[in-house]
Structure formats: C-alpha cells, structure tokens
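# Report on the structure
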Amino acid sequence: MTDRTSRTGTYLSRRTLLLSSGVAGLSAVAGCTTDDVPSNTDGTPSDDEAEPRTVADHSSPDLEKWVDEVPRPGVAEPAGTKDGQPYYELEMNEFEQRLHSDLPPTTVWGYDGQFPGPTIEAEQGEPIYVRWQNDLPDEHLLPVDTTVHEEMIPYDIDGVRTVTHLHGGNVEAASDGKAQGWFTRDFEATGPKFEQKDYYYVNDQPAATLWYHDHAVGITRLNVYAGLAGFYLLRSDHERGLDLPDGEDEIPLVIQDRSLDEDGSLFYPSAVSEARGGDESYPETSIVPEFYGDVPVVNGKAWPRLSVDPETYRFRLLNGSNSRFYDLELLEYDETAGETGDAGPSFVQIGNDGGLLSEPVEIDGRLEMGAGQRADVVVDFSAYAGETLLLHNDAPSLYRGSDDKNEETKPLPEIMLIDVADASADGGESGGETDAGTDDDGGTTGTVPDELATVPDLPVDAAEQHRHLTLAAGSDEYGRMKHFLGNREQPSGYALDDPVTEEPELGTTEIWSIANNTGMSHPMHLHLVHFQVLGRESLSDYDRETDGVDVDSLESPEPYELGWNDVVTVDPAEVVHLVVHFGEYEGLFNDQTGEYMWHCHMVEHEDYDMMRPFRVRPSDDAEAHDSEGDNSATDSE
Ligand SMILES: [Cu+2]
C-alpha cells in the first residue's frame, strides 16, 4: 500500500510537471489504455511536444495477415567508376512506402528510395567505392533523446547524423563506418572520426551475406528503425561452382519487427513504460532499454507471404531487428484454422555471417538468430507441394534472460507464410524456367554439395593474447538501466570515449572470452574480423585470472554457430570463448590496422552504452621497421 501511494504521488508530480511545461496528452503517463492515448493522427499537427508514448500504451492496428507477397529488394547499380573500380552513390532519403495493403503509405527512411535499401552485389577480388549520401530532412522521423552521449553529440546542429557501416566487411578503418565518423546532409557537419566521403570496400574475403546499416553514435537505433539497412552480397567463382540455387531461387530475407499507428506511421516509443522502470525522474524523451515491435516486417512488408515452387531454395536470412532474437522453424500450417502442425522442411545451413561452412549442416529444430546475424540456408520444398508453411519464431524477447514475462516484451511467433505451389502448377507458373536438380542423390540436402568451402581451424594454442571481456549492467544519472563493456582490469565497464583498452597486433591470433554479468542475452559483434566460436561455460566454472582455454571442457558451439561468425550470443551468467585472427589467414581475409568497434548488436544497447573501440596495431616487425626509419631520419638531420 505504501508503494501504491508513492506511485500515485509519482503520477501527480509528473502531471504537474507536464502541465507547467505546457505539454498536452497525459494519459500515457497516467497509465491509461491505448484507447485513451491521444493519437497523432487525428488531424492535429504533431510536433516536438507530442506526449510521451511507451510500448505498453501502444498496439499496432489489427492487420489482416498474409495479404502481401514478400518483395525482393532491388539491386544497386554503379553510378560510374573511380580509379577503374565500380563507384556507387547511394542516397539516404525519406519517402513513403506501403508496408501493408490495408495501411496508408508509411513514411520511412531508406537508400535510394527503398526500404530495405538496394542490395549491393559485389564480387570477391573486385573492390568497389561507395559514397553514402545523406539527403535526409532536418528533423528526425522519430523521437530523439538528447541525453544519450550528450557530452559528445552536438544535438543542436541542423540535419540528421548518419554513417553507414558495412557489417561483416573486412575493410580499411577509414571506410568502416564507425559511430563517431558521422556526417549530416551533404557532409555539412561531420563527426570527430569522419575521414572520407567515398568508402573503399576491398572485397578480399570469402563470399558471404553481408549487410549495411546505419551506425551513428547515440541514434543508431532510430536510424535503423526508420529503415537505414540493406544487403551486401559478396560472391565468388568458387561459390558459383557449387551450383547452389540462384536467380529466382535465391531470396534475401531481412526479418524486422516494427510497431505502427493507424495511419501507417512508424511507432517508436519516446518513454520507458512503468513495467521497465520508467518514472518521472526520466528525461522527457527517453531511450528505451530494448525495443520489441508487434508486427513482423520481412523485406519491408508486414505479415507477408512468400510463394515458392516445390523445389530447393536458398534463403539469405538476416535478423535486422533492433533488439529481438528469433528462434526459427518452418511448421505446417492450416491457414483457415490458423493452427500450426508438424515440423515442415528443415533449414540446411550452408553459410554463416562470414561465409560458407565447410559442409552443410541440417538444423534439427530451431535456427537461432540474434540481432545482426545472418544464416545462409537451403530449404527443399519438394515434399510439400500444395502445402502452406509458417515461418515460426519461439524466442522470448529477452531470450534466455530474466524478466521476460511483462506485456511489452511479448514474443512474436508468426513471421511469414510460405505457399508451396502444386507440383502440377510448377511448369505453368515458372514460365518455362526449369532447374537442374535431377541428380539429387544427397538425401536431405538435395542439390547441395557435401563440401562447400575450406574453413581452417584457428589454432587456439597459437593464441598470443587472451582477452577477458565483460558485459555489465549499471544505471545512469536518471536511474535508467545502462549496459557496459569491460575487461578483466575493469569488469564494471568503460565509457565509449575512455581510452582504447583492446589493441590486438596485426598477424596474431587471440582468444576473446566474453563473460555476461547481466540478466539477459546479448548478441556481441566485432567489426572487421570473423571469429570462430570455441564454446561456452558457466560463469561459476570460469577462471578469468588464468589465460588459455581448455576447449574440450566447454559446451560445444551450436550447429548454427560453426564457421566464420561476426556476431555471437552470450547468455546471462555464461562465458563464450572465441578465437579470432587479426589479418590475412590462409589466403582468407586481408590485413587492416586502425580503429574499429565491438558492441552489442541490440541497437538500443549499442547506443547506450554497450560499444567500445578496439585498435589493430601494426605487427611488431613493422613497428621496428618504422622506428628504424624514424631513427635514420633523425640521424641525418
Ligand atoms: Cu545487449
């Protein structure tokens, strides 16, 4: 009762505060239902002083499911050449796009008028240049919390800060798209780490499903949510030689979750709900701890359906959501009854974040994807002619963490419907296009070869450095939850702008052990490099004072964690051990030095404050050589 009284007092003080500052629309604060929340869409102009809106107060319109066909993202075309290489200009802009047939068009952001942005088709060994142009309006589409990194962000400048990161790109530091390398429209203002307008992607790494997305410090969550993301498919002769499904049978699918208003506009919360700790002490417009939308959006369509023939397809799956985990499986589905049945065709995983696996892996059960992760999978629909399947997700929002029961973090089970055409309709619908695949003798993997690529093991014993890293939770001056990255020397974590603490040497192999001291799972991402997952152990078994890992004693990586990864999920109270090589390795990847980032890929966490730089320093040999040069120059003076 005491608590109840004090909460009432909280509401009153909040109400008083808002009234005195002349802000209308208090029902969200007073915890009323959705019906009572004034809509921005009732004809009154909405402006900066719109009422705070939390996820708990909001429900998206009740849309009919499985109406629209999943579109394919467009393909980017070079604008010309630069230094003899293809040169792209991709413009970030604001436009309207229909996310569902029954909704008015939604104002979104994208690249070249597309959400998701056009796919860049790149070729191994053929570098390209990209100029990421910012042509966005002066004002952000979504509510901006100006307390996030206010010490380093000039929130009063005109224009929206953006910077595009090629996720999974083994690229030079100046083209990495780091958080503080932002720029506004026409490069009018630039961040302290901005270096150049044209990014150079050397494409000297295995063929892989990469993607590009915004990375501007403090507002990445908002820029990505508004739509700034797209695919970057790196291909190679080797991959083509595998004769995997291609053309119409290769489909990139980016899975996102959004919340929408009745007028079709994107909803993103401007305040933290009470259930997540929000109270009157929080800033007027506040970053939220995580974001979970109630509408699945695949390639920019809400509740979509995908029509396939009863044959083998290649799906390039990308979790492009802000915070949400997915645990995916195809289930038989009775569309009339709205009921799921038995398991459908399994995912046969052929590639991971950083390229092809050594051999196909049939996923027995669910395929897990944290934010930012890709899964290159093959699915054989030949036994499901005429059937309907559901792409089903059973991951709770906070995943294997705590506090996953409150209303705003509810799961999103239904993602996409798949209609498998009748076998008899195949010839008519495909317009005479036929696929090879008559030589299927590989059992469950259909036309997929037994050997896909050479993925050398990184030798753990050769690791020259063992980094003991931490994920930590804390709070800010307003009492809001905040996450940090730390290490053995400072387990409670560092600020983004504290001096660089992780400085691997080019040409060396390291072990990165990431210990999760928080109450929820985090998908951890390293820029520049791809790593291999050695395994997991519980925090209680982990000795952070001792270097070296006994791999045999660890819980093995999941089947979908084999090969080259750039994101790995670390659960609460566990340690994940990675082995990573910095620089070229057995003809794979390339040498780069300089500053990059590592961070949680839940973008709400990345913004606040789960992101740190690391710096790859030149090899000691090179440094010795450089200092010799310096000395001789000094001598000659
Ligand atoms: Cu996180």
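Before reading further, recall that the structure is shown in the block above.
Residues numbered from 1 in each chain as written. Predicted model: local features only at pLDDT ≥ 70, side-chain atom pairs only at ≥ 80, totals over all residues. Heavy atoms only, no water.

## Comments concerning the overall build of the protein chain
To be explicit about the condition: Under the scheme used here, helices are H or I runs from DSSP no shorter than 4 residues and strands are E runs no shorter than 2 residues, and both carry numbers assigned from the N terminus. Think of it in three bands: with a 1.4 Å probe and only protein chains considered, a residue is buried below 20% of the maximum accessible area for its type, exposed above 50%, and partly exposed in between. The contact rule is simple, with two residues in contact once any of their heavy atoms fall within 4.5 Å. For accessible areas, the Shrake-Rupley method is used with a probe of radius 1.4 Å. Any residue's cover is judged against the shown protein chains and nothing else.
Looking only at helices and strands, one finds six helices and 33 strands in the protein chain. Residues classed as buried in the protein chain amount to 58% of the 637 residues present. Long-range pairs, those at least 24 residues apart, make up 77% of the contacts in the protein chain between residues at least 6 apart in sequence. Surface summary for the protein chain: the accessible area is close to 24700 Å², and the carbon and sulfur share equals 44%.

## So, a negative patch on the surface
Heads up, the rule is: Think of a patch as exposed residues, more than 30% relative accessible area, with no salt bridge, where like charges cluster within 9 Å and nonpolar side chains (Val, Leu, Ile, Met, Phe, Trp, Tyr) cluster within 5 Å. Between Lys or Arg on one side and Asp or Glu on the other, a salt bridge is scored when a side-chain nitrogen of the former is within 4 Å of a carboxyl oxygen of the latter. Positive charges come from Lys and Arg alone, negative charges from Asp and Glu alone, with His and the N- and C-terminal ends not counted. Every charge is mapped to an atom, namely NZ of Lys, CZ of Arg, CG of Asp or CD of Glu.
Together, Glu89, Glu91, Asp112, Asp135, Glu139, Asp156, Asp158, Asp186 and Glu188 make up a negatively charged patch on the protein surface. Along the chain, the position of glutamate 139 falls in the loop between β5 (128-134) and β6 (164-167). Relative accessible area serves as the criterion here: at 54%, glutamate 139 is assigned to the exposed category.

## Observations concerning the coordination of the copper ion
Applicable threshold: Atoms are scored as donors when they are N, O or S and lie within 2.8 Å of the metal, with 3.2 Å used for Na, K and Ca; no water is included, so coordination may look incomplete.
Surrounding the copper ion are the protein donor atoms His522 (ND1), Cys600 (SG) and His605 (ND1), at 2.1 Å. Spacing between the donor residues of the copper ion along their common chain follows H-x77-C-x4-H.

## Here we look at the sheet that holds strand β9 (residues 229-235)
We count it as follows: When DSSP finds two or more bridges between a pair of strands, those strands are recorded as paired. The axes are straight lines fitted to the C-alpha atoms, using for helices just the contacting stretch, and the angles between their N-to-C directions are given from 0 to 180°.
Taking strand neighbours across the sheet as the criterion, the four strands line up as β4-β9-β8-β6 in an open arrangement whose pairing is mixed. The open sheet has two edge strands, β4 (117-123) and β6, and neither has a second partner. Averaged over neighbouring strand pairs, the angle between their axes works out to 20° when direction is ignored. By the bridge criterion, five bridges tie β4 to β9 in an arrangement that is parallel. Residue alanine 122 lies in a different strand from β9, and its bridge partner there is leucine 234.

## A word on the sheet that holds strand β28 (residues 522-526)
Backbone-to-backbone hydrogen bonds join strands into a sheet, with any given pair of strands oriented parallel or antiparallel. What the four strands build is an open sheet, ordered β30-β28-β32-β33; its pairing is antiparallel. Of all the strands in the sheet, the pair left with one neighbour each is β30 (567-570) and β33 (611-616). Looking at each pair of strands side by side, their axes are set apart by 25° on average, direction ignored. Here three bridges tie β28 to strand β32 (residues 594-600), and the two strands are oriented antiparallel to one another. Across the sheet, residue leucine 526 finds its bridge partner in β32, namely tryptophan 598.

## Concerning the pattern of salt bridges
Per the stated rule, a full pass over the model turns up 40 salt bridges. The partner of glutamate 195 in a salt bridge is lysine 178, and the shortest N-O contact between them spans 4.0 Å. Note that glutamate 195 is positioned in the loop between β6 and β7 (198-201) and lysine 178 in the loop between β6 and β7, a separation of 17 residues in sequence. Owing to a relative accessible area of 52%, glutamate 195 belongs among the exposed residues under this scheme. Looking at lysine 178, the relative accessible area reads 5%, which means it is buried.

## Observations regarding the packing of aromatic side chains
As a reminder of what qualifies: Side-chain rings of Phe, Tyr and Trp (the six-membered ring for Trp) are treated as a pair once their centres are within 6.5 Å; stacked means planes under 30 degrees apart, edge-to-face means over 60, and tilted covers the remaining angles. Each ring is checked for a lysine NZ or an arginine CZ that lies within 6 Å of its centre and within 35 degrees of its normal; such an atom marks a charge sitting over the ring.
This structure, assessed with the given rule, holds 22 aromatic pairs. Centre to centre, the rings of phenylalanine 183 and phenylalanine 194 are 6.0 Å apart; their planes meet at 65°, and the pair counts as edge-to-face. Here phenylalanine 183 is found in the loop between β6 and β7, whereas its partner phenylalanine 194 is found in the loop between β6 and β7, with 11 residues between them in sequence. With a relative accessible area of 22%, phenylalanine 194 lands in the partly exposed category. Ring pairing ties together the aromatic residues Trp512, Phe582, Tyr596, Trp598 and Phe614, which thus form one cluster. We note lysine 65 situated over the ring of tryptophan 303; from NZ or CZ to the ring centre the distance is 4.6 Å.

## Focus: the pairing of strand β2 (residues 85-97)
Successive residues of a regular strand alternate their side chains across the two faces of the sheet. Sheet analysis places strand β1 (residues 80-82) next to β2, joined by three bridges and oriented antiparallel. Counted as the bridge partner of lysine 82 is glutamine 85 from β2. Pairing geometry for β2 and β5, over six bridges, is parallel. Looking at β5, one finds that leucine 90 is bridged to tryptophan 132. Both β2 and strand β3 (residues 106-111) contribute to a ladder of six bridges, which runs antiparallel. Paired with glutamine 97 across the strands is threonine 106, a residue of β3.

## A word on unusual backbone geometry
With an omega of -5°, the peptide bond running from phenylalanine 115 to proline 116 counts as cis. Summarising the element assignment, proline 116 is placed in the loop between β3 and β4. The amide bond that connects tyrosine 608 to the next residue, aspartate 609, takes the cis arrangement and shows omega of 15°. Position of aspartate 609 among the secondary structure elements: in the loop between α5 (603-607) and β33. Phi is positive for phenylalanine 589, close to 65°, though the residue is something other than glycine.

## Describing the pairing of strand β25 (residues 481-487)
Summarising burial for β25: six of the seven residues are buried, a large majority. Looking at chain direction, β25 and strand β26 (residues 490-494) are connected through two bridges and run antiparallel. Across the sheet, residue asparagine 487 finds its bridge partner in β26, namely glutamine 490.

Note that every value here comes from positions in space, so none of it alone points to a role or purpose.
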